[in-house]
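Spelled out from the first residue to the last, the chains are:
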Amino acid sequence: MVGYDPEAKCVSTAEAAAAGSASGLVTRVLVSPLDVLKIRFQLQIEQLSSRNPTAKYHSILQAVQCIFREEGLTAFWKGHVPAQFLSIGFGAVQFMAFEGLTELVHNVTSFNARDSFVHLVCGGLAACTATVAVQPVDTLRTRFAAQGEPKIYPNLRHAVVTMYQTEGPRTFYRGLTPTLVAIFPYAGLQFFFYNILQQFSKWVIPAEAKNGANVKNLVCGSCAGVISKSLTYPLDVVKKRLQVGGFEHARAAFGQVRTYGGLLDCMRQIMREEGPGGFFKGLSPSLLKAACSTGLIFFWYELFCSLLCAMKSPENTKRKEG
C-alpha cells in the first residue's frame, strides 16, 4: 500500500498525509529513548570506550544508567515536544509527497509506479521535501536532547526566542546541507529495500495469511531501516555536530567540545582527531532505533491506510446506511 497502486488505489494524498503523521506520532513515543542515546553518542568527542577515562559514555547500558542517575527517567524524552512536531510534520509531508510523486510517475512516464527504482528516487525526493519543511524543528529537537543539567533552554518558546535573538534565523537550518545529502539516499533506500523485501516475501510466502500481513510489514520495514542507516550513517553524525554549533556552553559537562566551520571542516576534524570510527559513533543505538522506527513507521502507516480503506469500503458504507 506504500506508494501509488493503480489497481488498488483507495487512499488520497490527504489521507496519506494523515496516516503518515499518525504513524510518526506513535513511533516517536516508542523510540525517543534510543534517539536520545544516539544523539549523546554522536556528539561525544572522546572515544566511546571504558578504557578512556575522560569519556562520559562508553556503552549503551552504561549510558542508560548514567543518564537515569544524573537526569532522571524523563531525560530519555528530552526534546520530545519538538521531536513530535518533527515526526508528525515529516511523516505527513513525506508520505503525501511520496504518494503524489509515484502517481505522477505512473501518469506521465512509461515507468511502473511499483518498481523499486521508482520508489528509490521518489522516496528520496519526498524525504528532501519533508526535511526542508521540518529542519528548524529537527535543530530544536537535537539541542534539547543534547543539553544536560542545568538546562539552557527550559522550554520550547524560550529556545526559539533565544536562538533567534543570539544566533539569527539561519541557526534553525544548521546542518541542512549534510541532512539533504544524507536523507536522499537514506529515505530512498528505505523505500527501495522495503519494496524489494515486500516483493520477496510474496515470493517466499505466496499463500500468506491475511493476519500475518502486519508482522510482515514490520519485519520488512525494520530490515530496510537497518540497511539504509548503515549505508548513510556518517553524514548523520556530521549533521548532529553542526546542529549544536553555537551551543557549546551546554555541552561542557559532557567532555570536549569543538567548533566547526561547515560540512567539510567538520569531516576533516572528525577524521583527524577521532579517526574513521568517529563517523560511526552511536551506530549501535542508531541501528536499533532505525530497525524499530522504520519498521514501526511502515507498520503503522500501512495499518492506518488499511483502516481508511476499510472505512470507505462498500460493505462498511451499507452498514452505516442500514
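For the structure itself, consult the block above.
Since the structure is predicted, the reported quantities are computational estimates derived from the model, not experimental observations. (Residues numbered from 1 in each chain as written. Predicted model: local features only at pLDDT ≥ 70, side-chain atom pairs only at ≥ 80, totals over all residues. Heavy atoms only, no water.)

Participant: Pulling in residues and values, what's your account of the pattern of salt bridges?
Facilitator: If you walk through the whole model with that rule in mind, you get 15 salt bridges. Residue Asp236 is joined to Lys229 by a salt bridge in which the shortest nitrogen-to-oxygen separation is 3.5 Å. Lys240 serves as the salt-bridge partner of Asp236, at 3.5 Å between the closest nitrogen and oxygen. With Asp236 and Lys240 both in helix H7 (residues 213–243), this residue pair falls four residues apart, about one helical turn. In this structure, Asp236 and Lys240 share a single accessibility class: buried. One salt-bridge network, held together by shared partners, links Arg28, Asp35, Lys38, Asp138, Lys229, Asp236, Lys239, Lys240 and Lys289. (Salt bridge = Lys/Arg side-chain N within 4 Å of Asp/Glu carboxyl O. Helix = DSSP H or I, 4+ residues; strand = E, 2+ residues; numbered from the N terminus. Buried < 20%, exposed > 50% of the residue type's maximum accessible area, 1.4 Å probe, protein only.)

Participant: If you had to explain the nonpolar core to someone new, which residues and values would you point to?
Facilitator: Counting 21 residues, the largest nonpolar core has Val2, Phe95, Phe98, Phe191, Tyr194, Phe298 and Tyr301 as the members making the most contacts within it. When contributions to this core are tallied by element, the ones reaching two or more residues are helix H1 (13–43), helix H3 (80–108), helix H4 (116–146), helix H6 (176–204), H7 and helix H9 (283–311). When neighbours within four sequence positions are excluded, Val2 is seen to be in contact with Phe95, Phe98, Glu99, Arg114, His119, Phe191, Tyr194, Phe298, Tyr301 and Glu302. In terms of nonpolar packing, the next biggest core, distinct from the first, is built from eleven residues, Phe90, Ala130, Tyr186 and Ala187 among them. (Core = buried A, V, L, I, M, F, W, Y, C linked by side-chain atoms within 4.5 Å. Contact = heavy atoms within 4.5 Å.)

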